[in-house]
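Structural features, examined
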Amino acid sequence: MAILRRPYISITFFVVIVATLFAAFRYFEDSSDSPTTDLYILSYPNFAKEWGPGPEIARRFEEQHNIKVRWIEASNAGMIIEYLAKNNEYPIDVVLGLDILSLEKAKATIGWKDVPLRKVRFTKDIVDIHVDPEFIPFDWSPMTFIYKRTDGLPPKKLEEFTGEAFVNSLGLQDPNSSATGMYFLIWVLSIMGEEKGYEYLAQLKPSIRVISPSWSAGYSLFQNDQIPYVFSYFTSPLYHHIVENNFNYQPIFFDQPHIYAIEYAGVPTTCKRCDLAQKFVAFLLEKENQKQIMMKNFMLPAVLGVKDKTEFDFSQNIQLIRPKAFKELLEKKESLLERWRDLQL
Amino acid sequence: MRSRHALYVILIALFGVYIAPYIPFFSLWTGWDVPLHNLLEIYSASTQQALGSMVLTALLGVLVAGGLLWFRQRFAGQGMLAAEYLVALPSLLPSLFVIISVLSVIPRFPFGMKGVILLHALSMMGFAGILFLRIADDKWGAHSAVAQALGARGGFFFRKMFPLIARDGLLILTVLFFYFLTSISIPLIIGGATFTSVEKTIYDQLATAHNPAKAFQYFILQAILLIPMFALAQTYSSRSNGGVELLRLCHSRIGFFVAGLPSAILIMGLVLRLLPGLRAIAIYPEFSRSLPIVLTGSLLLGFLTGGFCVLLLAVWTLLSLKPHTRKLLGVLCVPSVSIVAYGFSMWTAEGEMAFFFAALALTVIFAPVLFRLGIYQQLLRLQTQIDSARQMGATTVFLFRRVVWPQISPMLFILSGLCAVWGMSDFAVSRLVLERDWSLGLWIQSLMHQYRWDVAVAGCWLLILCGFLVFLFFWSMARVNSQKLK
């Protein structure tokens, strides 16, 4: 300690610490992430992170094609498009994680290549919706409210949520900032019609406990017993069943048609390794990789037959909303949001 | 003459660092298009929240100060130091930890404005209590022995002596108001979509609507409101009365238990999830594989932030020795964390060099608050010595090196250590500048987004450990400098 009393020695000591940490950081970063990567994939963290399905699928692809895959992360579909709109350091070859809500904006922002697919049979639930050769669905899930079995019996119809039993009990997401929030808004309007839908939302006000800015914030509150019902993916409880062995989390099967989320992959026209990029998208749809996505991303596989006889094999009991109604409402997204804001929920 | 010019160059450089983040926004300016009714609504909600948080924090803070006084009379020295750190824990750790813990421990916590006010108060009351106690020691200490000898009672003493602390109390209240008005993590999660503040609107415009030009319009209005308020509050702060410790008067046993409550909730919340988190880290090797990068990244960010903070606070102190530059410095503040973080992200470098920009951004954000809450009070205490030295012909640089630095450096290092810990645990600013999960704060935030709360809490404990190591370094420097003084 006494030696540090000389300022030059203490400054040198500080510089040595920082330099050592800098060198150590570079060492760990270089050993975890090769700088000679070839194929750049832009995706959201839950997919690209080591606990997501991405790294394992990439490892298999690397072995087959003798190239390196490098992941670039953006927090959600909106940020993915934001990233693509900028001139970035990395030339993106594949984009994973666009959703139904963001496809139009993605098309308007940059150009996309067609992705040729051979002998892929999509699951019948999404076969009517997948019409675009530029965007290939790789997983999907219906959406609903999730509850805990110990919290009592759930409703069968959305209208029941306006009852006294559900006062201050719902967790929704803000459609202005969250894709799941937008799904909820479209769900209500597609089931009830626009006018009655907004009337219903106004009546729902006493039942809403929180409108969170994002799905993760809302779901976290639900997990922490702050909200009895949260709007989420039908497959969300499967994470608790499989990873935590906790069967208390359950999805509500409504008697009404459910809305659904589909995730898409695409190849921008600015790609550098376009051939490999198209192969990677096709590779995502192979059975092994679809299983990996199902078990690590906790979404339903897009390809027929993958989920059969697994915990994920439940969607045949779920009625889905008509794609036409969905698309019509999506075209009016801005005016729908305006009316949502006017409700001041 | 040359040293005077050098001081002006340093002053310009300091202002440059604070102005740099805003420069990219000017090129995005497209005219004024924020509707007035919308503006009034947001400002009204924002001000109500900040005022409510400030009042509740101040009331609880006074109680905490009484509690700490009660504790000090029984356990002086290291015991008191430990108690102060424990009470300040919810303010030292990032708001995210407080949110996780409170939601883990208290079922059905209120949301919206009520929840925001309550959580703000829970997280800052300990820190406010310590600051109030420091002022009370400083301003009342010399009078308390006399009052006690004359048999004055606590309530009477408090009433009569209140005017002595009013000015400094005003500075603390202003800093608290400022902190709550610009707070972002708690309003984002606890406020939900029903509560809107100016800072939240700025954040939404940047992160959701991707409209930095509009965000900048809201920022300008917030800056117009805050900067003069800050400058005025600093001007009204008064000189020290000697820095004698306050005696038994005004202590409160209840206050001691109130003081410990938020820390108890925080620790309980973190303990509850520690074991499942460690288990998950052990089961999934992918979690442990990320650790070397995030640990070294966090330490690097912490040391750099602390180092920059020492430099910035030292420069700020040096410039504050001149009365007219001190007035100028009164306006230096960060009216919007989101805008500054976004601004720095536009200047940032790629690769590991981004750590320097992240550390600089974090220092720029935290330093004004640390200076006003810590160094400024010390400077007021030294004012008599400064005046005497000036009378004897000391130059500003000489004054700084021989009179001010030896006495101020222990606190400056402690505050820089605190800045380093805040920097390590930050996610909002680092996310914009670093972009990848290179620090524990960012890693924890990613884990929470992927609803891996247990692992996130285990990460919180790692962060506490790393924060302790970095703080220990700066604390050692503070000790070395205080020994030099002896």
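Just above sits the structure.
These notes cover the structure that comes with them. (Residues numbered from 1 in each chain as written. Chains lettered and ligands numbered in written order. Predicted model: local features only at pLDDT ≥ 70, side-chain atom pairs only at ≥ 80, totals over all residues. Heavy atoms only, no water.)

Residues and elements named next belong to chain B. Orientation of helix α9 (residues 198-207) relative to helix α15 (residues 337-347), taken along the N-to-C sense of each, is 30 degrees, at an axis distance of 8 Å. Considered as vectors, α9 and α15 are oriented roughly parallel to each other. Between α9, through Glu 199, Ile 202, Tyr 203 and Leu 206, and α15, the contact on the second element is made entirely by Val 337, Ser 338, Ile 339 and Tyr 342. Residue composition of the contact of α9 with α15, by class: 6 nonpolar, 1 polar and 1 charged. (Axes fitted to C-alpha atoms, helices over the stretch in contact; angles between N-to-C directions. Helix = DSSP H or I, 4+ residues; strand = E, 2+ residues; numbered from the N terminus. Parallel < 35°, antiparallel > 145°, perpendicular 65-115°, else oblique. Contact = heavy atoms within 4.5 Å. Nonpolar A, V, L, I, M, F, W, Y, C, P; charged D, E, K, R; others polar.)

This part takes up the pairing of strand β3 (residues 94-99) of chain A. Residue and element names in this part refer to chain A. With 6 of 6 residues buried, β3 is to be regarded as a mostly interior element. Both β3 and strand β10 (residues 260-268) contribute to a ladder of 4 bridges, which runs antiparallel. From the neighbouring strand, Leu 96 faces β10, where its bridge partner is Ala 265. (Buried < 20%, exposed > 50% of the residue type's maximum accessible area, 1.4 Å probe, protein only. Pairing = 2+ DSSP bridges.)

Proteins that are soluble and globular tend to have nonpolar side chains buried together. Tyr 18, Leu 119, Ile 190, Phe 303, Ile 339, Trp 443 and Phe 474 of chain B are the most contacted members of the largest nonpolar core, which has 179 residues in total. With 18 residues, the single largest contributor to this core is helix α16 (residues 354-381) of chain B. Counting 102 residues, the second largest nonpolar core, distinct from the first, contains Leu 170, Leu 300, Val 306 and Trp 340 of chain A. (Core = buried A, V, L, I, M, F, W, Y, C linked by side-chain atoms within 4.5 Å.)

All names here are of chain A. Of all 9 residues making up helix α9 (residues 215-223), 9 are buried, and the element is well covered by its neighbours. For α9, the set of buried residues is Trp 215, Ser 216, Ala 217, Gly 218, Tyr 219, Ser 220, Leu 221, Phe 222 and Gln 223. Of the residues flanking the end of α9, it is Asp 225, one or two places downstream, whose phi is positive at about 60 degrees.

So, on to the state of the cysteines. Applying the stated criterion across every chain yields a total of 1 disulfide over all chains. A disulfide bridge connects Cys 271 of chain A with Cys 274 of chain A, and the sulfur atoms are separated by 2.0 Å. Disulfide Cys 271 of chain A to Cys 274 of chain A: torsion about the S-S bond roughly 110 degrees, handedness right-handed. Of all cysteine sulfurs, the one in Cys 466 of chain B lies closest to Cys 460 of chain B, which takes part in no disulfide; the gap is 12 Å. Residue Cys 466 of chain B is classed as buried on the basis of its relative accessible area of 5%. (Disulfide = S-S within 2.5 Å.)

Taken residue by residue, the interface counts 52 residues in chain A and 57 residues in chain B. Across the interface of chain A and chain B, roughly 4,900 Å² is buried in total on both sides, 63% from carbon and sulfur atoms. On the surface where chain A and chain B come into contact, there are 1 salt bridge. Between Lys 49 of chain A and Asp 437 of chain B there is a salt bridge, with its nearest N and O atoms 3.0 Å apart. Contributions of two or more residues to the side of chain A that touches chain B are made by α1 (7-32), α2 (45-48), α4 (77-85), β7 (208-212), α9 and α10 (236-243) of chain A. Element by element, the count of residues in the side of chain A that touches chain B is highest for α1 of chain A, at 14 residues. (Buried area = accessible area lost by both parts, 1.4 Å probe. Salt bridge = Lys/Arg side-chain N within 4 Å of Asp/Glu carboxyl O.)

Residues and elements named next belong to chain A. The interhelical angle for the contact between helix α7 (residues 179-192) and helix α8 (residues 194-204), taken along N-to-C directions, is 125 degrees, at an axis separation of 7 Å. On the basis of their axis angle, the class for α7 and α8 is oblique. Our pair here, α7 against α8, has a crossing hand that is right-handed. Residue-level inspection shows Phe 184, Leu 185, Val 188, Leu 189 and Met 192 of α7 in contact with α8, the latter providing Glu 194, Lys 196, Gly 197, Tyr 198, Tyr 200, Leu 201 and Leu 204. (Left-handed = near helix turned anticlockwise from the far one by under 90°.)

As a further point, take the packing of aromatic side chains. All names here are of chain A. One pass over the full model with this rule turns up 54 aromatic pairs over all chains. Pairing Tyr 44 with Phe 47 gives two aromatic rings, centres 6.1 Å apart and planes at 65 degrees, and the pair type is edge-to-face. Residue classification places Tyr 44 among the buried positions, given a relative accessible area of 10%. Phe 47 sits in the buried class, given a relative accessible area of 0%. Residues Phe 280 and Phe 283 carry aromatic rings whose centres are separated by 6.4 Å and whose planes lie at 45 degrees to one another, so their mutual orientation is tilted. Of this pair, Phe 280 and Phe 283 both sit in helix α11 (residues 274-284), 3 residues apart, roughly one helical turn. By relative accessible area, Phe 280 is classed as buried at 0%. An aromatic cluster of three or more residues is present, and its members are Phe 145, Tyr 147, Phe 161, Phe 166, Phe 184, Trp 187, Tyr 229, Phe 231 and Phe 254. Lying across the ring of Phe 222, Lys 148 places its NZ or CZ 4.7 Å from the centre. (Phe/Tyr/Trp six-rings, centres within 6.5 Å; stacked < 30°, edge-to-face > 60°. Lys NZ or Arg CZ within 6 Å of the ring centre and 35° of its normal.)

Right, let's get into the side chain of Ser 101 of chain B. All names here are of chain B. For Ser 101, the location among the structural elements is in helix α5 (residues 95-105). Among the residues examined, Ser 101 registers a relative accessible area of 0% and is labelled buried. Of the polar contacts made by the side chain of Ser 101, one reaches the backbone oxygen of Leu 266; its length is 3.0 Å. In this view, Ser 101 contacts Ile 265, Leu 266, Gly 269 and Leu 270; residues no more than four positions away in its chain are not counted. (Polar contact = N/O pair within 3.5 Å; in protein donor to acceptor, adjacent residues only side chain to side chain.)

Turning our eyes to something else, we now look at the environment of His 120 of chain B. Residue and element names in this part refer to chain B. Tracing the chain through its elements places His 120 in helix α6 (residues 112-149). Considering only alpha carbons, one finds His 120 and Tyr 203, 83 residues apart in sequence, at a separation of 19 Å. For His 120, the contacting residues outside a window of four places in its chain are Gln 49, Ser 53, Thr 57, Phe 180, Ser 183, Ile 186 and Pro 187.

Here we take up the pairing of strand β1 (residues 39-43) of chain A. All names here are of chain A. By the criterion of burial, β1 is predominantly enclosed, with 5 of the 5 residues buried. Side chains Leu 39, Ile 41 and Ser 43 project from β1 onto one buried face, and the interleaved Tyr 40 and Leu 42 project onto a second face that is buried too. As defined by bridge partners, β1 adjoins strand β2 (residues 69-73) across 5 bridges and the pair is classed as parallel. Counted as the bridge partner of Leu 42 is Ile 72 from β2. Examined bridge by bridge, β1 and β3 share 2 bridges and lie parallel to one another.

Turn by turn, an α-helix covers 3.6 residues, leaving residues three or four places apart pointing in a common direction. Residues and elements named next belong to chain B. Residues of helix α17 (residues 383-391) that are buried: Gln 383, Ile 386 and Ala 389. The arc that holds the buried residues of α17, viewed along the axis, is 125 degrees, so those residues lie on one side. Every exposed residue of α17 that faces more than 90 degrees away from the buried side is listed here: Thr 384 and Gln 391. Looking at the buried residues of α17, the elements they touch are α14 (323-329), α16 and α18 (396-425). Among the residues trailing α17, Gly 393 stands out with phi positive, at a value near 90 degrees. (Arc of directions from axis to C-beta.)

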